[in-house]
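In case you want the letters, here they are:
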Amino acid sequence: MLTGTGEIAAEGGVVPAFNVIQLEHVTAVVEGAERAGRPVVLQISENAVRYHRALAPLASAALAAARAAEVPVSVHLDHATDEALVEEAVELGVPSVMFDASKLDYAANVAATAEVTRRCHTRGVWVEAELGEVGGKDGVHAPGARTDPAEAVAFVRDTGVDALAVAVGTSHAMRTRDAALDLGLIAELRAALGVPLVLHGSSGVADADLVAAVRAGMTKINMATHLNIRFTEAVRAHLGAHPDTVDPRRYLAPGREAVADEVARLVTLLGGER
């Protein structure tokens, strides 16, 4: 059933959010969530939109899969820097967006984010933004950067955002799960802010540390690269064992199953922490 990311967060549980690039990702994430009997978010990044040269095909498929799901499923536009893309997502019926103006200086970030949030709220769309720098984005986000709690309070107040992605030790696109989280900072941010905290770059965080992050105060857990690794491993293994395969369904199906298995495991792991 299609729901909003805000509605999932309002239930008081963890909000597991997985980036999807193609239809196999969409169906795998929904299947994994259904196995676990827990809600999930399908995230479409601006990079994925660029890959497909359009938002509507993948977003429409994700929305359809969410409506047909046996558990609450939200669809979310992730890391959108283009305000026009945000507007398109809202028009398509995407219930939540992440507007990323973190390349701008603080004042410009606040102004742009506040305006996008105002427009989205008139349509009932939940807005996530970013403050501080999360590593791994072409030098824009410096590794080791940390979100300042006082600045975060002012940012949320002045923009009206519904959730905040914060820099607490993760980095995007990590292939190893050894990021060192600042759990004390997470707890400090949770105490200071009245909106859900979002952990980007969760692919680089080990299971035990993901659980610790949720206990410290993280609500939304974003993951992309980790599932892509699982998908690619399964496809590569199938093609290695069956080099004459030409039907994409034969090698994409193991990738889809691997993602569904891992989503079910992760959603179950995180689901018991709130």
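Residues numbered from 1 in each chain as written. Predicted model: local features only at pLDDT ≥ 70, side-chain atom pairs only at ≥ 80, totals over all residues. Heavy atoms only, no water.

## Some thoughts on the overall build of the protein chain
- Of the regular secondary structure elements, the protein chain holds eleven helices and eight strands.
- In the protein chain, which comprises 274 residues, the share counted as buried stands at 53%.
- By sequence separation, contacts in the protein chain at least 24 residues apart represent 71% of the contacts at least 6 residues apart.
- Approximately 11400 Å² of the protein chain is accessible, and the part contributed by carbon and sulfur atoms is 52%. (Helix = DSSP H or I, 4+ residues; strand = E, 2+ residues; numbered from the N terminus. Buried < 20%, exposed > 50% of the residue type's maximum accessible area, 1.4 Å probe, protein only. Contact = heavy atoms within 4.5 Å. Areas by Shrake-Rupley, 256 points an atom, 1.4 Å probe, with all protein chains shown as cover.)

## Things to note about the pairing of strand E5 (residues 126-131)
- Within E5, six of the six residues are buried, which leaves the element mostly enclosed by the surrounding structure.
- In E5, alternate side chains face the same way, and those of Trp126, Glu128 and Glu130 on one face and Val127, Ala129 and Leu131 on the other are all buried.
- Bridge count for strand E4 (residues 96-99) against E5 is three bridges, and the pairing is parallel. Bridging across to E5, Val97 finds its partner in Val127.
- Note that the unit made of E4, helix H6 (residues 106-121) and E5 has a crossover that is right-handed. (Pairing = 2+ DSSP bridges. Right-handed = clockwise from strand over helix to strand, strands pointing away.)

## Section: unusual backbone geometry
- At Arg53, a position not held by glycine, the phi torsion is positive, near 65°.
- Positionally, Arg53 belongs in the loop between helix H3 (46-52) and helix H4 (56-68).
- Here the phi dihedral of His79 falls at roughly 50°; this positive angle occurs in a residue that is not glycine.
- Looking at the secondary structure, you find His79 in strand E3 (residues 73-80).

## Observations concerning the sheet that holds strand E2 (residues 40-45)
- Spatial ordering of the closed barrel is given by E1-E2-E3-E4-E5-E6-E7-E8, a layout of eight strands whose pairing is parallel. If you compare each strand with its neighbour and ignore which way they point, the axes differ by 25° on average.
- Two strands pair when backbone bridges link them, and E2 and E3 are joined in this way by six bridges, in the parallel orientation. Counted as the bridge partner of Leu42 is Val75 from E3.
- Against the sheet, helix H2 (residues 23-36) contacts strand E1 (15-19), E2 and E3, and its axis sits at roughly 165° relative to E2.
- Each of E4 and E5 touches H6; the most contacted strand, E5, lies at about 170° to it. (Axes fitted to C-alpha atoms, helices over the stretch in contact; angles between N-to-C directions.)

## Re the packing of aromatic side chains
- Per the stated rule, a full pass over the model turns up one aromatic pair.
- Judged by centre distance (6.2 Å) and plane angle (55°), the rings of Tyr106 and Phe155 are tilted. Of this pair, Tyr106 sits in helix H6 while Phe155 sits in helix H7 (residues 149-159), placing them 49 residues apart in sequence.
- For Tyr106, a relative accessible area of 30% puts it in the partly exposed group. (Phe/Tyr/Trp six-rings, centres within 6.5 Å; stacked < 30°, edge-to-face > 60°.)

## Some remarks on the pattern of salt bridges
- The tally for this structure, following the rule as stated, stands at 15 salt bridges.
- Between Arg119 and Glu87 there is a salt bridge whose closest N-O contact spans 2.6 Å. Linking Arg119 in helix H6 with Glu87 in helix H5 (residues 83-92), this pair joins segments that are 32 residues apart in sequence.
- In this structure Arg119 comes out as partly exposed when scored by relative accessible area, which is 23%.
- Between Lys220 and Glu128 there is a salt bridge, with the nearest N and O atoms lying 2.8 Å from each other. Of this pair, Lys220 sits in strand E8 (residues 218-223) while Glu128 sits in strand E5; the two residues are 92 residues apart in sequence, bridging distant segments of the chain. The same class applies to Lys220 as to Glu128, namely buried.
- Residues participating in the shared-partner salt-bridge network are Glu83, Glu87, Glu115, Arg118 and Arg119. (Salt bridge = Lys/Arg side-chain N within 4 Å of Asp/Glu carboxyl O.)

## So, the environment of Asp261
- Here Asp261 shows up in helix H11 (residues 248-271).
- The class of Asp261 is partly exposed, set by a relative accessible area of 39%.

## A look at the confidence of the model for the protein chain
- Predicted confidence across the protein chain gives a mean pLDDT of 89, with 89% of residues reaching 70 or more.
- With pLDDT under 50 throughout, residues 134-141 is counted as low confidence; its partners more than four residues away or in other chains account for 23 contacts. (pLDDT = per-residue confidence, 0-100.)

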